[in-house]
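Structural characterization, general
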Amino acid sequence: MEAPAAPHNPAEPGSVRITVTSPEQMRELGRRLAKLLRAGDLVMLTGELGAGKTTLTRGLGEGLGVRGAVTSPTFVIARVHPSLAGGPPLVHVDAYRLSGGLDEMEDLDLDVSLPESVVVVEWGEGKVEELTDDRLQVLIHRAVGDTTDEVRHVTLTGVGERWANLDLSVLSA
């Protein structure tokens, strides 16, 4: 992976920006990120269709050592992947088809799952922020339109006390 253009964005303290040039690098970023995650963590993924949200989550699953293939839960809304390594399960949610806010998300009982799981929510912006004061926001930007460009710019921003003293720049190594 390339070094980030700016390890810490002055406009957003606690942020790191990483350039990813292939799906395998996105999975590797997920595997490295998994080493920083623990039970109770909420990770919100934002990005265009095809940006690499599920690819990143696949890497998270590999890094967490969970059971089952991590695939997009678009039609089932949420999948639980138990740990094979004694760690927390991965709860992978795709909120794309959910139009409501937290009320609709509450039907998934994420507030019950969150304390003992790592919860990853694709398309969760504006829908899951109220679950916890602490979360990791991951914005994946890619070129849109008719392009074969594999370059992605991933901005990770820790929100809340959990992430306040965690150095996210270790992910760009």
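For the structure itself, consult the block above.
Residues numbered from 1 in each chain as written. Predicted model: local features only at pLDDT ≥ 70, side-chain atom pairs only at ≥ 80, totals over all residues. Heavy atoms only, no water.

**A few points about the nonpolar core**
- With 28 residues, the main nonpolar core has V138 and L156 as its most contacted residues.
- Contributing elements (two or more residues each) for this core: β1 (15-20), α1 (23-34), β2 (42-47), α2 (53-64), β5 (118-122), β6 (135-142) and β7 (152-159).
- Ranked by residue count, the leading element in this core is α1, at four residues.
- Not counting the four nearest positions on each side in its chain, L156 is found in contact with G14, S15, V16, I18, L33, L136, Q137, V138, L168 and L171.
- With 11 residues, the next largest nonpolar core counts V91, A95, L114 and L131 among its residues. (Core = buried A, V, L, I, M, F, W, Y, C linked by side-chain atoms within 4.5 Å. Buried < 20%, exposed > 50% of the residue type's maximum accessible area, 1.4 Å probe, protein only. Helix = DSSP H or I, 4+ residues; strand = E, 2+ residues; numbered from the N terminus. Contact = heavy atoms within 4.5 Å.)

**Side note on the pairing of β6**
- As paired elements, β2 and β6 share five bridges and run parallel to each other. Residue pairing for β6: V43 is matched across the bridge by L136.
- Relative to β7, β6 runs antiparallel, the two being bridged by eight bridges. Its bridge partner lying in β7, I140 is registered against V154. (Pairing = 2+ DSSP bridges.)

**Some remarks on the layout of surface pockets**
- Reported here for the largest pocket is a volume of approximately 200 Å³.
- Surrounding the largest pocket, 10 residues form its lining, T46, E125, Q137, V138 and L139 being those nearest its centre.
- Residue assignment for the lining of the largest pocket shows that the elements contributing at least two residues are β2, β6 and β7.
- Counting residues per element, the lining of the largest pocket draws most heavily on β6, at three residues.
- Of the residues in the lining of the largest pocket, the class split is three nonpolar, four polar and three charged. (1 Å grid on protein atoms, 1.4 Å probe; cavity = no way out; pocket = protein on both sides within 12 Å on 5 of 7 lines; lining within 4 Å. Points joined across faces, edges and corners; volume = space filled by probe spheres on them. Nonpolar A, V, L, I, M, F, W, Y, C, P; charged D, E, K, R; others polar.)

**Re the pairing of β7**
- Counted residue by residue, β7 has six buried out of eight residues, so it is predominantly covered.
- In this sheet, β7 lies alongside β1 in antiparallel orientation, the contact comprising six bridges. Note on β7: the bridge partner recorded for S15 is T157.

**So, unusual backbone geometry**
- A positive phi angle, close to 60°, is found at W123, a residue other than glycine.
- Along the chain, the position of W123 falls in the loop between β5 and β6.
- With relative accessibility at 23%, the residue W123 sits in the partly exposed group.

**A look at the sheet that holds β5**
- The sheet built from seven strands is open, its strands ordered β1-β7-β6-β2-β5-β4-β3 with mixed pairing. In this open sheet, the two edge strands, each paired with only one partner strand, are β1 and β3 (78-81). Here the strands of the sheet are splayed against their neighbours by 15° on average, with no regard to which way each runs.
- Sheet topology places strand β4 (residues 90-94) next to β5; five bridges connect them, and they run parallel. Residue pairing for β5: L90 is matched across the bridge by V118. (Axes fitted to C-alpha atoms, helices over the stretch in contact; angles between N-to-C directions.)

So far we have only geometry, and geometry alone does not tell us how the molecule works.
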